[in-house]
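# Geometric and topological summary
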Protein chains: 2
Amino acid sequence: MSRPTLADVAARAGVAISTASRALHRPGRIRAETAARVRAAADELGYVPSAAARQLHRSSAGAVALVVPDLTNPFFMALVRGSTRLLRAHDVVQVVADVEEEPESEEQTLAALAGRVDGMLLAASRLDAATLSTWSRRVPLVAVNHDAGDPEVPTVTIGTQGVEEAVEHLAGLGHRHLAYASGPATSWADARRRTAVVETCARLGVRLTDLGHHPPRRDAGAAAADAVLRSGATAVLTFNDLQAFGVLDRLASRGVQVPEDVSVIGHDDIFGADLTSPALTTVTVPAEELGARAAARLLGAVGLATAAPSAPPAATGPASTGPDRLATHLTVRGSTAPV
Amino acid sequence: MSRPTLADVAARAGVAISTASRALHRPGRIRAETAARVRAAADELGYVPSAAARQLHRSSAGAVALVVPDLTNPFFMALVRGSTRLLRAHDVVQVVADVEEEPESEEQTLAALAGRVDGMLLAASRLDAATLSTWSRRVPLVAVNHDAGDPEVPTVTIGTQGVEEAVEHLAGLGHRHLAYASGPATSWADARRRTAVVETCARLGVRLTDLGHHPPRRDAGAAAADAVLRSGATAVLTFNDLQAFGVLDRLASRGVQVPEDVSVIGHDDIFGADLTSPALTTVTVPAEELGARAAARLLGAVGLATAAPSAPPAATGPASTGPDRLATHLTVRGSTAPV
DNA sequence: GTGAAAGCGCTAACAG
DNA sequence: CTGTTAGCGCTTTCAC
């Protein structure tokens, strides 16, 4: 037998479907005894209301999706945590989907999820600006750390203060030749970050070697490390901490001392950044706040923010206000030193 | 205006609503020209089919949910990755939800998601056996690493080989007094793991101090570390690696040498375990396989496994066969040494 | 307080 | 090939 429906419950309780519906979701409008009978019937049957059927009537699904490129990257875990908190406080269900860094997979996921949620949070989307704009017309979405340049697409990003500080920090330490390991070619954040590094280096009169694109994974750090050594740079900035970990791994296995021989600076300040030896100097990103801010913006856009929060929203800050660009800053640990 | 419906698309394309439906989802049964016209209309309108409405007809939602206690624990990231892969290969959408280690939050999530998916994977549930059984009657679910003892609840767990090896390893190193830091009181896995430690210690004639329950987080490791020192044990096993990291942190700040003064063994072999210094000796768990196995079982249970995989399933192993208890093993790194 | 009936957006028989 | 017509499970007027 298939899953029981409201009709089954009503029959078992000896009432009309509408009565059963009210008894279950509209407390007070039904005689206590009747309501109890209905609830009992529902319980015995193991009845679970079909969200699909309800959604057909309500204007909203009461759920939003968060799409991330790689759930195994600790950076996104923190982001998820931030949006989860905010969303839960507003009684909206959050579902997260991992698209494994693949643009096609990302679009498939969008297509699959768009129809079942009220809106979506797209974290570090690997889609191009045009595709993003198109989807934005189909379903309410807010882009996190990816500015499509389309004013119609709500966006919340992070600033480049952190990477500028990083370059300045290195320059201050006496480094005259830096290297930057880029992330995915499809990453908006990487383009932005690279530009910041280039400009800051130019401003400071520091030489910069572009190491080219590398997957945002730990294992990609090896190639980056080799490239750094080849370049002759005395310090390297990586697109993210995962790559930095990999650089550290490789440098260690090649007998290169960090920070004595080469300084390393990552980005994100993910879980584990303080675990390495030396501990990683990196750019700290308010990932959790980023997630919360994005979620708040989405709620505002889809008109769900008005729902009485089940918990004081104070903890998560104003619902849909605040800057849409969060500041980052350098966190100095052991992986950097004077030349 | 609200989101466009199929009726809007049909009107715009000048066809019947059913024709529009077929044009969009049943390629071939419609004249190419007509189909193109419909697709164009859909595109212009930014039409997105309502998953809710479709689900009302199809028997399945084409989606399953994965519920985890803490997405910020790297262990679960790996598990997520495993189920994601398997599920994607079968064209079923996976949504993951984080319940932040709170049983109430877990039940709320179950209630919210049960009606919109075909089944759920409950990872390391913090619910008690009875509650789990009850939910299992309402919605197809498979429990991961939590055996409710109810044969009706499909379960996939991990064995205790790893922790036994850990105790044997320590005993072989000459340790005569161990300590075990438990995880959450509501964790089935912890109870199981603790029993294994107790029994192995008894078998080997090694003294054991039970440090009591500690949250499965890094910050909880401090208290555990202090307790170890107080106990006089020369080695400590923790419920998970997060706690082990915390123990390492605390020990270091108290000037206690690892592994010279006290040996530390964690559990899970999560991201970062090889990053610490000394690198963490820990029990390796096939998390990704665990996720895949659980997903496969769920697909089998809800009859979705038959869907022609869009990718060869070979990579993920047999769909719904294989043991429901996966083996673990000790991975020795630097945090253990002879007394 | 409770029942009857009309859809929500879509798919799936049935006709044409 | 394409249009008509029932519902899917549920909420919601509108009567009683």
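Residues numbered from 1 in each chain as written. Chains lettered and ligands numbered in written order. Predicted model: local features only at pLDDT ≥ 70, side-chain atom pairs only at ≥ 80, totals over all residues. Heavy atoms only, no water.

## Let's talk about the protein's contact with DNA strand C
Note the cut-off: Nearness is defined per residue: one heavy atom within 4 Å of the molecule or strand is enough. Two N or O atoms count as a polar contact when they lie within 3.5 Å, although within protein this holds only if one can serve as hydrogen donor and the other as acceptor, and sequence-adjacent residues are included solely when both atoms are side-chain atoms. Each helix is a run of H or I in the DSSP string that is no shorter than four residues. Each strand is a run of E no shorter than two, and both are numbered from the N terminus. For this scheme, ten residues count as nonpolar: Ala, Val, Leu, Ile, Met, Phe, Trp, Tyr, Cys and Pro. Four count as charged, namely Asp, Glu, Lys and Arg, and the remainder, Gly too, count as polar.
In the region of DNA strand C, 25 residues are neighbours, and Thr19(A), Thr34(A), His57(A), Leu6(B) and Tyr47(B) sit closest. Each atom of DNA strand C within 4 Å of the protein was assigned to sugar, phosphate or base; sugar and phosphate come to 63%. Between DNA strand C and Thr34(A) there is a distance of 2.7 Å, counted from a phosphate oxygen to a side-chain nitrogen or oxygen. Elements that contribute at least two residues to the surface near DNA strand C include exactly helix 2 (17-25) and helix 4 (51-57) of chain A together with helix 2 (17-25) and helix 4 (51-57) of chain B. When its residues are assigned to classes, the surface near DNA strand C shows 9 nonpolar, 10 polar and 6 charged.

## Here's the deal with the environment of Ala223(A)
With respect to the helices and strands, the residue Ala223(A) is situated in helix 10 (residues 221-231). Between the alpha carbons of Ala223(A) and Phe75(A) there is a distance of 22 Å; along the sequence they are 148 residues apart.

## Overview of the pairing of strand 3 (residues 119-123) of chain A
Residue and element names in this part refer to chain A. Our working definition: The buried label applies to any residue whose accessible area, calculated with a 1.4 Å probe on protein chains only, is under 20% of its type's maximum; exposed applies above 50%, and partly exposed to all values in between. Criterion used throughout: strands pair if DSSP finds at least two bridges between them. Looking down the strands as they point away from you, a crossover is right-handed if its path from the first strand over the helix to the second goes clockwise.
In terms of burial, strand 3 is largely enclosed, as 5 of its 5 residues are buried. Across the two faces of strand 3 the burial is the same, with Gly 119, Leu 121 and Ala 123 and Met 120 and Leu 122 all buried. Where strand 1 (residues 63-68) meets strand 3, 4 bridges bridge the pair, whose relative direction is parallel. Bridge assignment links Ala 65 to a residue of strand 3, and that residue is Met 120. Bridging between strand 3 and strand 4 (residues 141-144) involves 4 bridges; their strand directions are parallel. Bridge pairing in strand 4 places Met 120 opposite Leu 141. Running through helix 7 (residues 129-138), the crossover from strand 3 to the neighbouring parallel element strand 4 is right-handed.

## Considerations on the sheet that holds strand 7 (residues 207-213) of chain A
All names here are of chain A. Where we set the bar: Where helices are involved, their axes are fitted lines through C-alpha atoms of the stretch in contact, as for all axes, and angles between N-to-C directions lie from 0 to 180°.
Strand order in the open sheet formed by 6 strands is 7-6-8-9-10-12, and the pairing between neighbours is mixed. A single partner strand is all that each edge strand has here, and the edge strands are strand 7 and strand 12 (329-331). On average, adjacent strands in this sheet sit at an angle of 20° to one another, irrespective of strand direction. In this sheet, strand 8 (residues 235-238) lies alongside strand 6 (residues 177-182) in parallel orientation, the contact comprising 4 bridges.

## Let's talk about the pairing of strand 7 of chain A
All names here are of chain A. Note: strand 6 against strand 7, 5 bridges, orientation parallel. In the strand pairing of strand 7, Leu 178 is matched with Leu 208. Each parallel crossover has a hand, and the one from strand 6 via helix 9 (residues 188-204) to strand 7 is right-handed.

## Focus on the protein's contact with DNA strand D
Taken together, 26 residues sit near DNA strand D, with Leu6(A), Tyr47(A), Thr19(B), Thr34(B) and His57(B) positioned nearest. Protein-proximal atoms of DNA strand D, defined as those within 4 Å of the protein, fall in sugar or phosphate at a share of 58%. Residue Arg26(A) places a side-chain N or O atom 3.4 Å away from a phosphate oxygen belonging to DNA strand D. Of all the secondary structure elements, the ones that give two or more residues to the surface near DNA strand D are helix 2 and helix 4 of chain A together with helix 2 and helix 4 of chain B. With 5 residues, helix 2 of chain A is the largest single contributor of residues to the surface near DNA strand D. Per-class residue counts for the surface near DNA strand D are 10 nonpolar, 10 polar and 6 charged.

## Examining the interface of chain B and chain A
Many descriptions give the size of an interface as the accessible area lost when the pieces come together. For the record, the criterion: Any pair of residues with heavy atoms lying within 4.5 Å of one another is described as a contacting pair. Here the quantity called buried area is the total loss of accessible area, with a 1.4 Å probe, experienced by two parts when brought into contact, counted for both. For this document, the term salt bridge refers to a Lys or Arg side-chain nitrogen within 4 Å of an Asp or Glu carboxyl oxygen.
Across the contact, 57 residues belong to chain B and 56 residues belong to chain A. In total, chain B and chain A occlude about 4600 Å² of area from one another, counting both sides; carbon and sulfur atoms represent 54% of this. Viewed at the interface, chain A and chain B are joined by 13 salt bridges. Across the pair Glu100(B) and Arg81(A) runs a salt bridge, and its minimum N-O distance is 3.8 Å.

## Some details on unusual backbone geometry
Of the consecutive residues Ser277(A) and Pro278(A), the connecting peptide bond is found in the cis state with omega at 0°. Position of Pro278(A) among the secondary structure elements: in the loop between strand 9 (263-268) and strand 10 (281-284). The peptide bond linking Val258(B) to Pro259(B) adopts the cis configuration, its omega dihedral lying at 10°. Its location among the elements puts Pro259(B) in the loop between helix 11 (241-253) and strand 9 (263-268). Within the chain, Asp269(A) stands out as a residue other than glycine whose phi angle is a positive 60°. Position of Asp269(A) relative to the elements: it lies in the loop between strand 9 and strand 10.

## Overview of the relation of the copies chain B and chain A
Here is the rule: What sets the superposition is a least-squares fit of C-alpha atoms, and only residues with pLDDT of at least 70 in both copies go into it.
With an RMSD of 0.1 Å, chain B superimposes on chain A once it is rotated by 180° and translated 0.1 Å along the axis. Put plainly, the chains are arranged around a two-fold axis. Relative to the rotation axis, the C-alpha of Ala52(B) is the closest in chain B, positioned 2.1 Å from it. When the interface residues of chain B are mapped onto chain A, 98% of them again fall at the interface, so both copies present the same face.

## A few points about the UniProt feature "domain: HTH lacI-type" (unreviewed entry) in chain A
Quick reminder of the rule: UniProt positions are given in the numbering used here, feature names are shortened, and annotations may be inferred rather than shown by experiment.
Under the feature "domain: HTH lacI-type" (unreviewed entry), the UniProt entry names residues 4-58 of chain A. With 69% helix and 0% strand, residues 4-58 of chain A has its two end C-alpha atoms placed 21 Å apart.

## Some details on the packing of aromatic side chains
Residue and element names in this part refer to chain A. Applicable threshold: For Phe, Tyr and Trp, where Trp contributes only its six-membered ring, two rings pair if their centres lie within 6.5 Å, and the inter-plane angle classes them as stacked under 30 degrees, edge-to-face over 60, or tilted in between. Note on geometry: a ring has a charge over it if NZ (lysine) or CZ (arginine) is within 6 Å of the ring centre and within 35 degrees of the ring normal.
For the structure shown, the criterion picks out 4 aromatic pairs over all chains. Here Phe 75 and Phe 76 contribute two aromatic rings whose centre-to-centre distance is 5.2 Å and whose plane-to-plane angle is 70°, an arrangement assigned as edge-to-face. For the residue pair Phe 75 and Phe 76, the accessibility class agrees, reading buried in each case. Positioned above the aromatic ring of Trp 135 is the side chain of Arg 138, whose terminal nitrogen or guanidinium carbon lies 4.5 Å from the ring centre.

## Quick notes on the side chain of Thr34(B)
Considering the arrangement of structural elements, one finds Thr34(B) in helix 3 (residues 32-45). Residues contacting Thr34(B), with those up to four places away along its chain left out, are Val15(B) and Thr19(B).

## Structural notes on the sheet that holds strand 12 (residues 329-331) of chain B
Residues and elements named next belong to chain B. One open sheet holds the 6 strands; their spatial order is 7-6-8-9-10-12, and the pairing between them is mixed. This sheet does not close on itself; its edge strands, each paired only once, are strand 7 (207-213) and strand 12. Neighbouring strand axes in the sheet, compared pairwise and without regard to direction, differ in orientation by 20° on average. In the packing of helix 9 (residues 188-204) onto the sheet, contacts are made with strand 6 (177-182), strand 7, strand 8 (235-238) and strand 9, and the angle to strand 6 comes to roughly 170°. The strands that helix 11 touches are strand 6, strand 8, strand 9 and strand 10 (281-284); relative to strand 9, the one it contacts most, it runs at about 155°.

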